[in-house]
Amino acid sequence: MAMTASSGLAQGAGDVASAGQAERSPFLRTTELLAPYQPAKPLITLSLGEPQHPVPEFVAPVLAKHTAEFGRYPIAKGIEPFRRAVATWLSSRFQLPRPVDPESEVMVLNGSREGLFFAAITASRYVAARKGRPAILMPNPFYPAYGAGARAAGCEQIHLPTTLANGFLPDLDAIDEATWARTVAFFIASPANPQGSVASRAYFARLKELADRFGFMILSDECYSEIYTREAPGSILECAGPDFSNVVAFQSLSKRSNLPGMRVGFAAGDRKFLAAFHELRNVAAPQVPVPLQHVAVAAYSDEAHVEENRRLYRIKFDFADQILGNRYGYKRPAGGFCVWLDVSDRGGDEAVTVRLYRDAGVRVIPGSYLAREQNDGSNPGAGYIRLALVSDSESTAEAMHRLVETLG
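Cut-off values and rules
Residues numbered from 1 in each chain as written. Predicted model: local features only at pLDDT ≥ 70, side-chain atom pairs only at ≥ 80, totals over all residues. Heavy atoms only, no water. Helix = DSSP H or I, 4+ residues; strand = E, 2+ residues; numbered from the N terminus. Rg over C-alpha atoms; globule rule 2.2 N^0.38 Å. Buried < 20%, exposed > 50% of the residue type's maximum accessible area, 1.4 Å probe, protein only. Contact = heavy atoms within 4.5 Å. Polar contact = N/O pair within 3.5 Å; in protein donor to acceptor, adjacent residues only side chain to side chain. Core = buried A, V, L, I, M, F, W, Y, C linked by side-chain atoms within 4.5 Å. Right-handed = clockwise from strand over helix to strand, strands pointing away. Pairing = 2+ DSSP bridges.

**Comments concerning the overall build of the protein**
- Helices and strands together make up the secondary structure of the protein, namely 14 helices and twelve strands.
- Relative to the compact-globule value of 22 Å for 408 residues, the protein shows a C-alpha radius of gyration of 21 Å, a close match.
- Its C-alpha atoms put the protein at 55 × 55 × 35 Å along the principal axes.
- Counting over 408 residues, the protein shows a buried share of 58%.
- Within the protein, residue pairs in contact and separated by at least 24 positions form 77% of the contacts whose partners lie at least 6 positions apart.

**Focus on unusual backbone geometry**
- Note that the residue after Asn140, namely Pro141, is joined by a cis bond; omega there is 10°.
- On the secondary structure map, Pro141 appears in the loop between strand S3 (135-140) and helix H6 (144-152).
- In the segment running from Ser190 into Pro191, the intervening peptide bond is cis, with an omega of -5°.
- Of note in this structure, Asn246 is not a glycine but carries a positive phi near 65°.
- Following the sequence through the fold, Asn246 ends up in the loop between strand S6 (217-221) and strand S7 (247-252).
- Here Asn246 falls in the buried class, since its relative accessible area comes to 16%.

**Digging into the side chain of Ser225**
- Position of Ser225 relative to the elements: it lies in the loop between S6 and S7.
- The class for Ser225 is buried, based on a relative accessible area of 0%.
- A polar atom in the side chain of Ser225 sits 2.6 Å from the side chain of Glu226.
- A polar contact of 2.8 Å, which involves the side chain of Ser225, links it to the side chain of Gln251.
- Not counting chain neighbours up to four residues away, the residues in contact with Ser225 comprise Arg93, Phe94, Pro191, Pro233 and Gln251.

**Examining the nonpolar core**
- Counting residues in hydrophobic clusters, the biggest one holds 55 residues, and the most contacted among them are Phe82, Leu90, Trp180, Phe186, Phe216, Val264 and Tyr300.
- Ranked by the residues each element gives to this core, the list is headed by helix H11 (residues 290-300), at seven residues.
- Excluding residues within four positions of it along the chain, Leu90 makes contact with Leu96, Val100, Leu237, Phe266 and Ala268.

**A short note on H6**
- Every buried residue belonging to H6 is among Ala145, Tyr146, Gly147, Gly149, Ala150 and Arg151, and all of these are buried.
- Among the residues trailing H6, Gly154 stands out with phi positive, at a value near 75°.

**Quick look at the pairing of S3**
- A large share of S3 lies buried, amounting to six of its six residues.
- After leaving S3, the chain enters H6 and then returns to the sheet as strand S4 (residues 156-161), a path that is right-handed.
- When S3 meets strand S5 (residues 183-189), the two strands line up parallel, connected through three bridges. Residue pairing in the sheet places Ile136 in a bridge with Ala185 of S5.

Below is the structure:
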């Protein structure tokens, strides 16, 4: 069955009252849910996807060398060494149709979040007039920045349920032509947060065909692409054609290099879109300090610390395989560092979140808080909890042992 506009939850600029709790931060909602309780055991936090592995050793020396450059206003698109390092990394990491031009096809970001937000606004101004109310499509569950960007752009949000039945990726064939015709942008996350699903090359190619046919932008969130335990995920850029038209990929050093507090990432792809993106960010977005860009040059020029990062995550997923087994629908994800567990038969996601915090000292996040309710009343995140395996391996293993002992 084709998905029409009514299949997603329409959220326009004036729908604040109807949005209710769903518009609020899932982390704030979790804090409020747990506020009446005290953990019975020392707390282990697996709710926030904040990497806790050691900061790479090269960071401090590079910062020290370039400290004086904190005295300069950064240019919006990024310094040339940064853009060149990104272009080189992309060409070595992915099978691109041609090398990315560092001058016109790369832009520095304060991590991927602000880029994804401002990209939605840019897309609403950049694409040709739509046939009907402009809409931005996104997976459900989704990263909150997608919805915030769509709302700021004045576009309808259409949430595409990602469930076990569709491999935790939006079903492209379930969307009707009328909806495609008014689409401004399509947010895709691969590896997905929270499920860890990875889009195949064929999936990306199909999405690119639709973008070219209907004239919308693909905003591909690939910030987890370097966290995997088996096969390296691909990029939408590999299927974007020789001019990367209608395609922009977003990356961040937060996960790849264990630098969540540095706030450096990039956007790469369609040069015409990036020119419009640059115009908006140049007057509205925070710029990236030059010394941090030099650290990023070092980070994108080194793979040893990234492989060490992956090794530490592999250890924790090995523990998950052993401790969780086949309970709660657990399967080792293809990418990312999150575990998505079905606790619908243990009382539901909110009740289990409270129980784990109160009785086991394990903080997780309810899956329903990461998603929106569809118009049919369903919530694709309901009945699930998300665990972010970001703590050290001993704490992570202990948390999973407590989880199994508590939930059975």
